[in-house]
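Secondary and tertiary structure notes
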Amino acid sequence: MEIFIINLIGATLRVSTPILLAAIGETYAERAGILNLGIEGTMFFGAFIGFFVADKSGSLWLGFLVAVLSGVVFGLLMALLTVTLGVNQHVSGLGITMLCTGLSLFAFRLNYGGRSIPPSIESFQQLAPFKNIPWLNTLTEQYLLTYVAFLVIVPLAWWLLYRTSFGLKIRSVGENPEAADAAGVNVFAVRYAALAIGGGLMAAGGAFLSLAQLGAFTHGIIAGRGWVAIAIVIFGNWNPVRAMWGALIFGGTSALQLRLQTMGLQLPIPYETFLALPYIVTIIALVLAGRNASYPAALLKPYRRE
Amino acid sequence: MYIVDMLGITKTFGELVANDNVDFQLRKGEIHALLGENGAGKTTLMRILYGLYRPDTGIIKVAEQPVEIHSPKDAIANGIGMVTQHFALVPPLSVAENIVLGNTDGFVVNRAAMEAKVAAAADRFGIVIDPKSLVRHLAVGQRQRVEILKALYRNARVLILDEPTAVLVPQEVDALFETLNRLKADGLSVIFISHKLHEVTQITDRVTVLRDGKLIGTVDTKDMSQSQLAAMMVGRETFGVTRKDEQHEQQPVTLRIDNLCAKNDQGMPALTNVCLEVKAGEILGIAGVGGNGQKELAESLCGVRDCASGSIQLAGKELIGKTPAGFTQAGVGRIPEDRHEGMVGDLTVTENLALEHLNEYTRSGVLDHKAIRTRAEELIHQFQIKARPNDPVRTLSGGNMQKVLLARVLSRNPKAVIVPQPTRGLDVGATDYVRQQLLEQRDRGAAILLISEDLDEILALSDRIAVIYEGEIVGILPAGEATPERLGLLMSGAVKEH
Ligand SMILES: Nc1ncnc2c1ncn2[C@@H]1O[C@H](COP(=O)(O)OP(=O)(O)O)[C@@H](O)[C@H]1O
Ligand SMILES: [Mg+2]
């Protein structure tokens, strides 16, 4: 039983990582007042381009870097559409998701054709700092990116948002851009920056899947994780630390349902029920936490002076 | 020496000229009033100075040096601070965070140090405020202090206050004036936007008057009486009132309002013991500077706003406690101030005309489209609406929209009609048409309550004129005795006539 639980926790950390990265990225965007529905597509493109570059160049890190840069580019595209041109945020975001998905699938088909077995690469190695203590090793044998996500990205996001002038600006342009503008803050620049950082993190989440967790690229690689991340941002009340707990809840139920499926329990319910479990739990968590969610007041509203 | 020169400033919004070649000069260490009626262009001029709008033409000098102000950042760099009418604060942030926003010492924000610095600044300028409290927990008066401190914290040498007293209770006004006088003694120059004469004469050294976007003049406050200022501000000469006067003495009172009290959206008292009577076949005009309770009065009389106390009787029947639909059924016709509020823009003219009376066109739960259509065509013809029955209302011009509203309301022959700002934003032709309709309703025997900020309109249409100031009726005059000067004085709160 202990082994089962330790195993489950270890898996939870792994499964949560891509969603956590994406959710933190979305938190930056929404805190600045932009709902970035390009998240799902940006993750997908990140997963593809990371895989593609790694495969062609033989360098996983180069693949990862290019993936993050692609996310920054799509974040900036979102900024151009919504901040500068004032296009509706829902339309822009969904448009970017469709664009990214189409581009990735097209490039994938060009380069790998219609294979029945998805192409794979030698993925990132897991770190094992406590090799000699079996139970601790089960827990801590993780990818470097998982360590970075939980120990660097989350605390850094919290610190940036609540303890720096940059964070103060992000929060103020998401709450009351008129006030921020009147106080001498460049609302447009802050929103561009938040979307760029956010896009980079989303793509990093996607690349984690193709370069680390799976070591392969498939059409269903993201499978709605971007949408889940958006739910998690709301669950987290736009606070990176609370978003982390949300990601862990989703990751935990995902890891659990995998184990329930493979345990071969003779239950009179179809296995798809287990697949749905993480999503059901997310919805319940969202309903419970979302009731007193306090949205950034300027979310979805373009800012114009006149 | 002037600390600010604004020379030849013109600013247009589409067709509308909000500032027309305006000059404005501010001396160092003075409190300078910018006086004018609503819509005179005061806010626009100051938003230009603060970099929130770009002027079409004109130059700005600070301390006699020409400057380009493209954004508030530039204004702040030139020592200009502004407290806008709607406060520019971020409610979920603390007082200290709001004050340092955009003006932090370094990348890392050290909370304790930030709060200590803000507290020290508050001390220095004699402003009482707790840097730690969240702005959303503060009352309006306190928020204003945060705004003033925010400007001073950025080393403002010029402080612009846009209608700072509009949101304050009298005690808070006194405290604000004390603060301003102290700051003035320290060498700060203050621009005080207002339309309240007694405040202007009380606190300012000089006054610049704007009317319809044009500069009327700049004068020393001590040389001017309130009525002279009122004349500059309202400044209308004779009125072409051509309207047969009738005797209404014998007519019964249709609409009787007794001791009506109501609160505004912020929960502050907006109407205090309003007592009015409107007879059948009479137009009672309510004059007043905007924001003195007109909106709340109109809403209360249509059942849209809950009244704190008092009574509203229509032909002897009490209306308080009824729903808006109940008011309509009892015979109150309401033409909303905001045309868009009264209609659904995406629905057609036909549908909007039927909107308030759908139950009359319903046969066992199904709408009788033929009857609706026939009625709509009649009304379009009768009210000269220039639109086809199936045009969505949002595609209509303002004048035609107003006609749709008039048709819907007036075709029911209401006993009383409440019309706030019926011609605002309409062109001359449409304005005449609307006024003609109101006069016809009067001749039919309806009691009409006309609320308008346009003195011409009030004087042209009303049989009697009541003036509202800070939610109170400060005087009621027969049309024959009303002059612009007398009304102007009442409107500015300088005198009361009962
Ligand atoms: N952003 C804007 N767009 C269009 N019209 C505007 C805008 N701001 C002000 N106006 C118009 O300019 C005129 C002057 O407005 P304003 O400067 O606010 O007057 P005041 O402050 O004296 O009441 C008004 O008719 C107003 O409707
Ligand atoms: Mg104004």
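Scoring rules and cut-offs
- Residues numbered from 1 in each chain as written.
- Chains lettered and ligands numbered in written order.
- Predicted model: local features only at pLDDT ≥ 70, side-chain atom pairs only at ≥ 80, totals over all residues.
- Heavy atoms only, no water.
- Helix = DSSP H or I, 4+ residues; strand = E, 2+ residues; numbered from the N terminus.
- Rg over C-alpha atoms; globule rule 2.2 N^0.38 Å.
- Buried < 20%, exposed > 50% of the residue type's maximum accessible area, 1.4 Å probe, protein only.
- Contact = heavy atoms within 4.5 Å.
- Buried area = accessible area lost by both parts, 1.4 Å probe.
- Salt bridge = Lys/Arg side-chain N within 4 Å of Asp/Glu carboxyl O.
- Polar contact = N/O pair within 3.5 Å; in protein donor to acceptor, adjacent residues only side chain to side chain.
- Near = heavy atom within 4 Å.
- Areas by Shrake-Rupley, 256 points an atom, 1.4 Å probe, with all protein chains shown as cover.
- Nonpolar A, V, L, I, M, F, W, Y, C, P; charged D, E, K, R; others polar.
- Pairing = 2+ DSSP bridges.
- Phe/Tyr/Trp six-rings, centres within 6.5 Å; stacked < 30°, edge-to-face > 60°.
- Lys NZ or Arg CZ within 6 Å of the ring centre and 35° of its normal.
- Disulfide = S-S within 2.5 Å.
- Domains from an automatic or database assignment.
- Patch = residues over 30% accessible without salt bridge, like charges linked within 9 Å, V, L, I, M, F, W, Y side chains within 5 Å.

**Let's talk about the overall build of chain B**
Looking only at helices and strands, chain B has 16 helices and 22 strands in total. Scaling as 2.2 N^0.38, a compact globule of 498 residues should have a C-alpha radius of gyration of about 23 Å, and chain B matches this with 25 Å. In terms of overall dimensions, chain B has C-alpha extents of about 70 × 50 × 45 Å along its principal axes. Relative to its full complement of 498 residues, chain B shows a buried share of 54%.

**Focus on the interface of chain B and chain A**
Contact residues are listed per partner, giving 31 residues for chain B and 23 residues for chain A. Each partner contributes to the roughly 2,100 Å² buried at the junction of chain B and chain A, and carbon and sulfur atoms together form 62% of this total. Note that Glu97 of chain B and Arg171 of chain A form a salt bridge whose closest N and O atoms lie 3.0 Å from each other. At the surface where chain B touches chain A, the tally comes to ten residue pairs in polar contact (both at pLDDT 80 or more). Every element with two or more residues in the side of chain B that touches chain A is listed here: strand 1 (2-13), helix 2 (72-77) and helix 3 (95-100) of chain B.

**Brief notes about the site of ligand 1**
Residue and element names in this part refer to chain B. Around ligand 1, the neighbouring residues are Phe13, Leu16, Ala18, Glu37, Asn38, Gly39, Ala40, Gly41, Lys42, Thr43, Thr44 and Tyr53. At 2.9 Å, a backbone N or O of Lys42 approaches an oxygen atom of ligand 1. A distance of 3.1 Å is found between a nitrogen atom of ligand 1 and a side-chain nitrogen or oxygen belonging to Tyr53. Within the complex, 66% of the 560 Å² of free accessible area of ligand 1 lies under protein. Counting residues per element, the ones that place at least two in the shell around ligand 1 are strand 2 (16-27) and helix 1 (42-49). Per-element accounting of the shell around ligand 1 gives the leading share, three residues, to helix 1. A per-class count over the shell around ligand 1 returns five nonpolar, five polar and two charged.

**Let's talk about the side chain of Thr221 of chain B**
With respect to the helices, strands and loops of the structure, Thr221 of chain B is situated in the loop between strand 10 (214-220) and helix 8 (226-234). Setting aside chain neighbours within four positions, we find Thr221 of chain B in contact with Val200, Thr201, Thr204, Asp205, Arg206 and Val207 of chain B.

**Regarding the pairing of strand 6 (residues 80-83) of chain B**
Residues and elements named next belong to chain B. Neither face of strand 6 is exposed, since Ile80 and Met82 on one face and Gly81 and Val83 on the opposite face are all buried. For strand 6 and strand 7 (residues 158-162), the ladder comprises four bridges, and the chain directions are parallel. Bridge pairing in strand 7 links Gly81 to Leu159.

**Concerning the packing of aromatic side chains**
Here the structure, examined in full by the defined rule, presents 20 aromatic pairs over all chains. The interplanar angle of 90° and the centroid separation of 6.5 Å between the aromatic rings of Phe52 of chain A and Tyr112 of chain A together place this pair among those described as edge-to-face. Placement of the pair is Phe52 of chain A in helix 2 (residues 39-57) and Tyr112 of chain A in helix 4 (residues 89-112), with a sequence separation of 60 residues. Taken together through their ring pairs, the aromatic side chains of Phe44, Phe48, Phe51, Phe52, Phe108, Tyr112 and Phe217 of chain A make up a single cluster. The residue whose ring lies beneath Lys403 of chain B is Tyr433 of chain B, and the NZ or CZ to ring-centre distance is 4.6 Å.

**What to know about the sheet that holds strand 15 (residues 317-318) of chain B**
All names here are of chain B. The strand order 12-11-14-15 describes an open sheet built from four strands, whose pairing is antiparallel. In the strand order of this sheet, the two ends are held by strand 12 (269-279) and strand 15, each with one partner. As paired elements, strand 14 (residues 307-314) and strand 15 share two bridges and run antiparallel to each other. Within strand 15, the position partnered with Gln313 by the bridge is Glu318.

**Re the state of the cysteines**
With the rule as written, the count across this model stands at zero disulfides over all chains. In this structure Cys307 of chain B is a free cysteine whose sulfur lies 8.9 Å from that of Cys261 of chain B, the closest cysteine sulfur available.

**A closer look at the domain arrangement of chain B**
Each assigned domain of chain B is listed here: domain 1 (2-234), domain 2 (237-331 + 416-498) and domain 3 (340-413). Here the C-alpha centre of domain 3 of chain B lies 46 Å away from the C-alpha centre of domain 1 of chain B.

**Digging into a nonpolar patch on the surface**
The grouping of Leu151, Val152, Leu156, Trp158, Trp159, Val241 and Trp245 of chain A together with Phe107 and Val108 of chain B at the surface amounts to a nonpolar patch, some 830 Å² of accessible area in total. Listed by contribution, the elements that provide at least two residues to the nonpolar patch are helix 6 (144-163) and helix 11 (240-262) of chain A. Relative to the assigned elements, Val108 of chain B resides in the loop between helix 3 and helix 4 (111-124).

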